[in-house]
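# Examining the three-dimensional arrangement
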Amino acid sequence: MKSNLFMGAFKAFTVASAALLMSCQSGGDKFGGLALYTLRDDMGKNTEATLDSVAKAGYKNIEAAGYSDGKFYNMTPEDFKNLLDEKGLKGISTHQGSATLDNIDEEIAAVKAAGFTYFVIPVPPMGHFKYDEKTKTLGMDPDLDFMINFLNTVGKKCADAGLQLLYHNHDFEFKKDVNGIVPIEYFLEKTDPKYVNFQMDLYWVTKAGADPIAYFEKYPGRFKLWHVKDMSKDGKFAPVGEGTIDFQRIWEKRDLSGMKYYMVEQDQTFHHTPLEAIKVSHEGLKTFGFK
């Protein structure tokens, strides 16, 4: 019994010491979050070393994007949570692109076990998300009522498990579909805010020609998470601070939006490696007043 108590205390001390060390290595100025989709290739090669780099770059929170067959980055939910703890990182949200009404209970259980708060639907479920190879554009089928039922059903299940469901946008949800409906507005108006809210991707909203603040004003409190990534003059993804988006203007309306956390993300990098880009973006956040 004494041996077990000693080992438990030693493990707790080790985890706390590792977290303190990572904080010191980052200068004690850890803030903001990172969507690990940015580092998907690095995470696939060496998960532990990549998370070390995330912590050293100054990030405090993370969003996962590597779930498959009940595991996060080939680790059990519990092991992944423990690894984040060791690195001084906190798992806030996870993109669950494989979620369906058939497997939702299993995925919710895994997300809960990994210690996340937000269960994020990154695109419409299989069969409803569209990608045009010729034009390289994203889209969805016009059966919006399927999405309303899906989101409300999954949102209720998440709430019952102590999680919060969010839907993440791209640009197509902000454009009128073949029926003249703007999908994101339909989602906002037809879903129950008790169970369903949203992660606003600031790049994709801007790409669609919409104004994030206009949506904050029309639907206050519905955008619990943000994806923060910049846009170059030619419309490509860019590190925060190296593009054209006025993030300070948006940041000042964070309370109106309902934002609780934000995650830096860059789908593709062009002039930096992904690991370099996350460092540039973290420094860029400071110029706009993010904290």
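Scroll up for the structure.
Predicted model, so just to flag it, every value in this text is computed and none were measured. (Residues numbered from 1 in each chain as written. Predicted model: local features only at pLDDT ≥ 70, side-chain atom pairs only at ≥ 80, totals over all residues. Heavy atoms only, no water.)

This part is about the pattern of salt bridges. Using the criterion set out here, one finds 13 salt bridges in the structure. Here K157 and D105 are joined by a salt bridge, their closest N and O atoms 3.1 Å apart. Of this pair, K157 sits in helix α6 (residues 144-160) while D105 sits in helix α5 (residues 104-113); the two residues are 52 residues apart in sequence, bridging distant segments of the chain. Across the pair K286 and E283 runs a salt bridge whose closest N-O atoms are separated by 3.1 Å. Residue K286 and its partner E283 are both found in helix α12 (residues 274-287); the two are separated by three residues, about one turn of the helix. Taking relative accessible area as the criterion, E283 reaches 45% and is therefore assigned partly exposed. (Salt bridge = Lys/Arg side-chain N within 4 Å of Asp/Glu carboxyl O. Helix = DSSP H or I, 4+ residues; strand = E, 2+ residues; numbered from the N terminus. Buried < 20%, exposed > 50% of the residue type's maximum accessible area, 1.4 Å probe, protein only.)

Turning our eyes to something else, we now look at the pairing of strand β2 (residues 61-64). Residues of β2 alternate between two faces, with N61 and E63 on one and I62 and A64 on the opposite face, all of them buried. Pairing of strand β1 (residues 33-35) with β2 involves three bridges; the strand directions are parallel. Opposite L34, over in β2, you have I62 as the bridge partner. Direction of pairing for β2 relative to strand β5 (residues 90-95): parallel, over a ladder of four bridges. Residue pairing in the sheet places N61 in a bridge with K90 of β5. (Pairing = 2+ DSSP bridges.)

Looking now at the sheet that holds strand β6 (residues 118-121). On the basis of which strands lie adjacent, the closed barrel formed by eight strands has the order β1-β2-β5-β6-β9-β10-β11-β14 and parallel pairing. Neighbour-to-neighbour, the strand axes of the sheet open up by a mean angle of 30 degrees, direction not taken into account. In this structure, strand β11 (residues 223-228) lies alongside strand β14 (residues 261-264), joined through four bridges in parallel fashion. Paired with W226 across the strands is Y262, a residue of β14. (Axes fitted to C-alpha atoms, helices over the stretch in contact; angles between N-to-C directions.)

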